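Descriptive analysis of the structure
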Amino acid sequence: MALIVDKHRPRSLDALTYHDELSDRLRSLAQSGDFPHLLFYGPSGAGKKTRIVATLKELYGPGVEKIKIDARVFQTSSNRKLEFNIVASVYHLEITPSDVGNYDRVVVQDLLKEVAQTQQVDQSARQRFKVVVINEADHLTRDAQAALRRTMEKYSPNLRLILVGESTAGIIAPIRSRCLLVRVARPTVGEVEGVLRGSCEREGWEVREGLVGRVARESGRNLRRALLMLEGVYAQNEKVTDDTPIPPPDWEGLIEQIAQEIMAEHTSARILQVRSKLYDLLTHCIPPTTILKTLTFKLMPLIDDDLKPEVIKWSAFYEHRIKTGTKVIFHLEAFVAKFMRILEMYLMSMDM
Amino acid sequence: MASFFDLKARKAALANGAATKETEKKDGENTRVQPWVEKYRPKTLSDVTAQDHTITVLQRTLQASNLPHMLFYGPPGTGKTSTILALAKELYGPELMKSRVLELNASDERGISIVREKVKDFARMQLTNVSSAAYKARYPCPPFKIIILDEADSMTQDAQSALRRTMETYSKITRFCLICNYVTRIIDPLASRCSKFRFKSLDQGNAKKRLEEIAEKEKVGLDEGAVEGLINCAEGDLRKAITYLQSAARLVGAVQQPGGGDDGEDGMDVDKKTVSVKIVQDIAGVIPDETIQRLVKAMRPTTLGGNYTPIAKEVEDMVADGWSAGQVVTQLYQAVVYDETIEDAQKNKILLVFSEIDKRLVDGADEHLSILDLALRISGILGGR
Ligand SMILES: Nc1ncnc2c1ncn2[C@@H]1O[C@H](COP(=O)(O)OP(=O)(O)OP(=O)(O)O)[C@@H](O)[C@H]1O
Ligand SMILES: [Mg+2]
């Protein structure tokens, strides 16, 4: 059974329920024929992907929804074979080059040129160009991005790119210069509530305003998360009321525990205990930044206001080290130790 | 034979030369529908705006029909690629472009051996010529070939050093033109063999003229100050400014009709609406002033309790709204540095924080934590901590 996040996904620009101005803008670009390259950015769960699919439909009609998955093999200059999946309709392709790590350049280079040099198969296609959607564009290596530059210009009669990423920071200036930037904000709490109500109605679930409001707020305006939370509540409870608790994901529960533990005791024995939990989270593929951030924001309500800037400072400091270093666990642990120290000093100064 | 040349000439004349015979016939009207940046790519040297010095020098070499090796450098969207392509076209004309000019860019495989081989093969080919005297009168067709290495900053040092020899070996019959954003990425021995041309960020005056021309051809109405807005938001990058203009035009309802060309005669739904500064800023992702001011206000010292909660709230909203951290940092910097109520000593401390955060963001640090840290630290400095 499909999840409601997928089942209720709007399929056209008209069906999108929020950011109407942006939808209008995309519609007018799609209808004008001289569609530019686009770079969609914004936090996860804002609805970037849904909006892109809707834009493609506006460009080509319902044919873009007939997709198939192709497995392709590319060869690197050192003769290594790379397997790579492509999601494609007759009109467009969707790729995630960061899947092949540092070899992303090979894929981008070969695939885009190939697309650019072939004509639209469907002679009656509404657009002369094909669209290539590149996911996680902010994680492309510099080489891969450089390889896009002239391709985006030279082949623009046959090819348009839609780049997607959470932020524009990882994207080199010449590429930003070649795209129209499209910011997709998360929906407001009110808009999330609207979507949740709509989904309840479509599923025949009784709308509980109290619950809808809580889910919307707790989701942090992340619509995907909100829909998953809502479905979780209805799936796990026979009877849903305004105050039915919303179960947090397992990993979040575990981080909550860590937060409690490091508040309670500031010893190296405790750090050792926490370490095994951190490992646990990492082996379950929770991204280290998510762990550190979640932990930080769970600690905030537990400490005195005076301490908060200091704790944020170190959290940001160690997060940066996670990104530039190699041993994630060192930096997570260092943050825990630092936090204990800050708290300890503070408590001592209070005693005096 | 004549028809062969004819076809070739037609093909080359089409922008970018990527259109094929079939499509040319079948949807000839559609071939012109392309993003404005391509539609308005300068076709001749004199079309290139704002790089007067470079263009004057190049035009002189055009007359003398001799060329040094060249190195073009400068920020994105300032006309480097356009200039070399226009120069090549003026030197050789459409027929000889293919056989006399080799363009290698970052999308081509450019390892040492490949560069060497491709360049060698190309350089060794006999110089082609045309017999038509009329053609020769129109195009100088000097007796050398041009090898363009565009986006050369992405070539490895090794590949670059391998070029040194090649450049010398074939210097009688080839000229190189290297193009890059950062001149420091080109190794010295290569750079010193070239005449350097710096492409400047476009300034208000020149970029303005070009944008107004395009707006007129596309029949886009512009409000007072809209062009200045475009240029400011694009930070001297004309390509960006043109893309913003196109998007803004679509937004106010100028819809291109099929068959539109660059002759300006095509119809456009000339709606009464015009492009305003606000629309431009919106498209460019500029954060509204109110939003920045709310954050600044939250950062100011208060008598009651700490600033953490209000700051955290503002930052959380900004992150959820997807504003790029780079943009936040830039605009916050402007707001703080030009704020006369903040003492110089405090400003000095604040600058250090900006420097640190900028570096972190470039390293890929989390945007939410970085911005929150920045705001809290500035707030601390303002509060005398
Ligand atoms: N000096 C200029 N005069 C006129 N148009 C320009 C100029 N600079 C840029 N443009 C516009 O911007 C587009 C891109 O310019 P161009 O490809 O020459 O940039 P570039 O300097 O090679 O940039 P990059 O470093 O990103 O490769 C052109 O198609 C044209 O529309
Ligand atoms: Mg270029």
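Since the model is a prediction, treat every value here as computed from it, not as a measurement. (Residues numbered from 1 in each chain as written. Chains lettered and ligands numbered in written order. Predicted model: local features only at pLDDT ≥ 70, side-chain atom pairs only at ≥ 80, totals over all residues. Heavy atoms only, no water.)

Brief notes about the overall build of chain A
On a plain count of helices and strands, chain A comes out with 14 helices and seven strands. Referenced to the eigenvectors of the C-alpha coordinate spread, the extents of chain A come out at roughly 80 × 55 × 35 Å. Across the 352 residues in chain A, those meeting the buried criterion constitute 55%. The contacts of chain A with a sequence gap of at least 6 include a subset with a gap of at least 24, amounting to 72%. Of the roughly 15,800 Å² that chain A leaves accessible, carbon and sulfur atoms contribute 51%. (Helix = DSSP H or I, 4+ residues; strand = E, 2+ residues; numbered from the N terminus. Buried < 20%, exposed > 50% of the residue type's maximum accessible area, 1.4 Å probe, protein only. Contact = heavy atoms within 4.5 Å. Areas by Shrake-Rupley, 256 points an atom, 1.4 Å probe, with all protein chains shown as cover.)

Here's the deal with the domain arrangement of chain B
In terms of domains, chain B is made up of domain 1 (36-198), domain 2 (204-255 + 274-284) and domain 3 (289-383). When each unit is reduced to the centre of its C-alpha atoms, the spacing between domain 2 of chain B and domain 3 of chain B is 30 Å. (Domains from an automatic or database assignment.)

Here we look at the pattern of salt bridges
Pairing between side chains becomes possible if they bear opposite charge and their charged atoms approach one another. Enumeration according to the criterion identifies 47 salt bridges over all chains in this entry. Close ionic contact of Arg41 of chain B with Glu153 of chain A constitutes a salt bridge, the shortest N to O distance being 3.3 Å. Of this pair, Arg41 of chain B sits in the loop between helix H3 (36-39) and helix H4 (52-64) while Glu153 of chain A sits in helix H5 (residues 142-154), each in a different chain. Among the ionic pairs, Arg294 of chain B bridges to Glu314 of chain B, the shortest N-O distance being 3.3 Å. Placement of Arg294 of chain B in helix H14 (residues 289-299) and of Glu314 of chain B in helix H15 (residues 308-320) is noted, with a sequence separation of 20 residues between them. We classify Glu314 of chain B as buried; its relative accessible area is 14%. (Salt bridge = Lys/Arg side-chain N within 4 Å of Asp/Glu carboxyl O.)

Side note on the UniProt feature "domain: AAA+ ATPase" (unreviewed entry) in chain A
With numbering aligned to this structure, UniProt lists the feature "domain: AAA+ ATPase" (unreviewed entry) at residues 34-188 of chain A. The span residues 34-188 of chain A carries 30% helix and 26% strand; its end-to-end C-alpha distance comes to 32 Å. (UniProt positions renumbered as here; feature names shortened; annotations may be inferred.)

Details of the UniProt feature "domain: AAA+ ATPase" (unreviewed entry) in chain B
When the UniProt feature table is mapped onto this chain numbering, "domain: AAA+ ATPase" (unreviewed entry) sits at residues 66-203 of chain B. The distance separating the terminal C-alpha atoms of residues 66-203 of chain B is 31 Å; by composition the span is 41% helix and 17% strand.

Focus: the interface of chain A and chain B
In this complex, chain A contributes 58 residues to the contact, which on the side of chain B involves 64 residues. Buried surface at the junction of chain A and chain B, summed over both partners, amounts to about 5,500 Å²; 52% is from carbon and sulfur atoms. In terms of surface lost to chain B, no three residues of chain A exceed Asp34, Arg128 and Arg150 of chain A, which account for 13% of the buried area on that side. Counting across the interface, chain A meets chain B through eleven salt bridges. Between Arg150 of chain A and Glu103 of chain B there is a salt bridge, and its shortest N-O distance comes to 2.8 Å. Across the contact surface, chain A and chain B share 23 residue pairs in polar contact (both at pLDDT 80 or more). Among the elements of the structure, helix H2 (20-32), helix H4 (104-117), H5, helix H6 (173-178), strand E7 (180-183), helix H12 (288-299) and helix H13 (308-324) of chain A are those that each provide at least two residues to the side of chain A that touches chain B. (Buried area = accessible area lost by both parts, 1.4 Å probe. Polar contact = N/O pair within 3.5 Å; in protein donor to acceptor, adjacent residues only side chain to side chain.)

Quick word on empty space enclosed by the protein
Residue and element names in this part refer to chain B. Here the structure, examined in full by the defined rule, presents three cavities of 30 Å³ or more. Computed from the structure, the largest cavity encloses a volume of approximately 430 Å³. Arg41, Gly77, Gly79, Ser82 and Arg239 are the residues nearest the centre of the largest cavity, which is lined by 29 residues in total. Taken together, the residues of the lining of the largest cavity sort by class into eleven nonpolar, nine polar and nine charged. (1 Å grid on protein atoms, 1.4 Å probe; cavity = no way out; pocket = protein on both sides within 12 Å on 5 of 7 lines; lining within 4 Å. Points joined across faces, edges and corners; volume = space filled by probe spheres on them. Nonpolar A, V, L, I, M, F, W, Y, C, P; charged D, E, K, R; others polar.)

Here we look at the sheet that holds strand E4 (residues 92-95) of chain A
All names here are of chain A. Read from one edge of the open sheet, seven strands run E2-E3-E4-E5-E6-E1-E7, paired in mixed fashion. Either end of the sheet is taken by a strand with one partner, and the two such strands are strand E2 (68-75) and E7. On average, each strand axis in the sheet is inclined to that of its neighbour by 25°, with strand direction left out of account. Looking at chain direction, E4 and strand E5 (residues 130-134) are connected through four bridges and run parallel. Its bridge partner lying in E5, His92 is registered against Val131. (Pairing = 2+ DSSP bridges. Axes fitted to C-alpha atoms, helices over the stretch in contact; angles between N-to-C directions.)

Considering the site of ligand 1
By nearness alone, 22 residues border ligand 1, and Val37, Thr49, Thr81, Ser82 and Arg239 of chain B come closest of all. Within the backbone of Val37 of chain B, one N or O atom sits 2.6 Å away from an oxygen atom of ligand 1. Between Arg239 of chain B and ligand 1, the recorded distance is 2.3 Å, taken from a side-chain N or O atom to an oxygen atom. Because more than half of its atoms lie within 2 Å of the grid, ligand 1 is assigned to the largest cavity. Broken down by secondary-structure element, the contributors of at least two residues to the shell around ligand 1 are H5 and H6 of chain A together with helix H5 (80-100) and helix H12 (238-251) of chain B. (Near = heavy atom within 4 Å. Sits in = over half its atoms within 2 Å of the grid points.)

Examining the sheet that holds strand E1 (residues 70-73) of chain B
All names here are of chain B. Pairing is parallel across the open sheet formed by five strands, whose spatial order is E2-E3-E4-E1-E5. This sheet does not close on itself; its edge strands, each paired only once, are strand E2 (101-104) and strand E5 (195-198). Taking the axes of each pair of neighbouring strands and ignoring which way they run, one obtains an average angle of 15° across the sheet. Strand direction decides the pairing type here: strand E3 (residues 145-149) and strand E4 (residues 174-180), joined by five bridges, are parallel. Bridging from a neighbouring strand, Ile147 pairs with Phe176 of E4.

Things to note about the nonpolar core
For soluble globular proteins, the rule of thumb is that nonpolar side chains tend to be buried together. Residues Leu295 of chain A together with Leu332 of chain B are the most contacted members of the largest nonpolar core, which totals 62 residues. If you tally residues by element for this core, the top one is helix H14 (residues 328-351) of chain A, at nine residues. Within the second largest apolar cluster, 55 residues are counted, among which are Phe35 and Leu56 of chain A together with Val220 and Ile242 of chain B. (Core = buried A, V, L, I, M, F, W, Y, C linked by side-chain atoms within 4.5 Å.)

Digging into the packing of aromatic side chains
Tallied over the full model, the rule gives 13 aromatic pairs over all chains. Taking the centre distance of 6.1 Å and the plane angle of 10° together, the rings of Phe35 of chain A and Phe129 of chain A count as stacked. Placement of the pair is Phe35 of chain A in the loop between H2 and strand E1 (38-41) and Phe129 of chain A in the loop between H4 and E5, with a sequence separation of 94 residues. With centroids separated by 4.5 Å and ring planes inclined at 10°, the aromatic side chains of Trp205 of chain A and Tyr234 of chain A adopt a geometry described as stacked. Taken together, the residues span a long stretch of sequence, with Trp205 of chain A in the loop between helix H7 (189-203) and helix H8 (209-218) and Tyr234 of chain A in helix H9 (residues 223-236) at a distance of 29 residues. Tyr234 of chain A matches Trp205 of chain A in its accessibility class, with the two residues each being buried. Grouped by ring-pair contacts, the aromatic residues Phe35, Tyr60, Tyr91 and Phe129 of chain A constitute a single cluster. Sitting over the face of the ring of Phe144 of chain B, Arg175 of chain B holds its NZ or CZ atom 4.3 Å from the ring centroid. (Phe/Tyr/Trp six-rings, centres within 6.5 Å; stacked < 30°, edge-to-face > 60°. Lys NZ or Arg CZ within 6 Å of the ring centre and 35° of its normal.)

Quick notes on H8 of chain A
All names here are of chain A. Buried within H8 are the following residues: Leu211, Val212, Gly213, Val215 and Ala216. Looking at the buried residues of H8, the elements they touch are H7 and H9. One or two positions beyond H8, positive phi appears at Gly220, with a value near 60°.

Structural notes on the packing of helix H16 (residues 325-337) of chain B against helix H17 (residues 344-362) of chain B
Residue and element names in this part refer to chain B. Where H16 contacts H17, the two axes come as close as 11 Å, and the packing angle between them is 170°. Viewed along their axes, H16 and H17 adopt a mutual orientation that is roughly antiparallel. Residues Ala325, Val329, Leu332, Tyr333, Val336 and Val337 of H16 lie in contact with H17, whose contacting residues are Lys347, Ile350, Leu351, Phe354 and Leu361. When grouped by side-chain class, the residues that make up the contact of H16 with H17 number ten nonpolar, no polar and one charged. (Parallel < 35°, antiparallel > 145°, perpendicular 65-115°, else oblique.)

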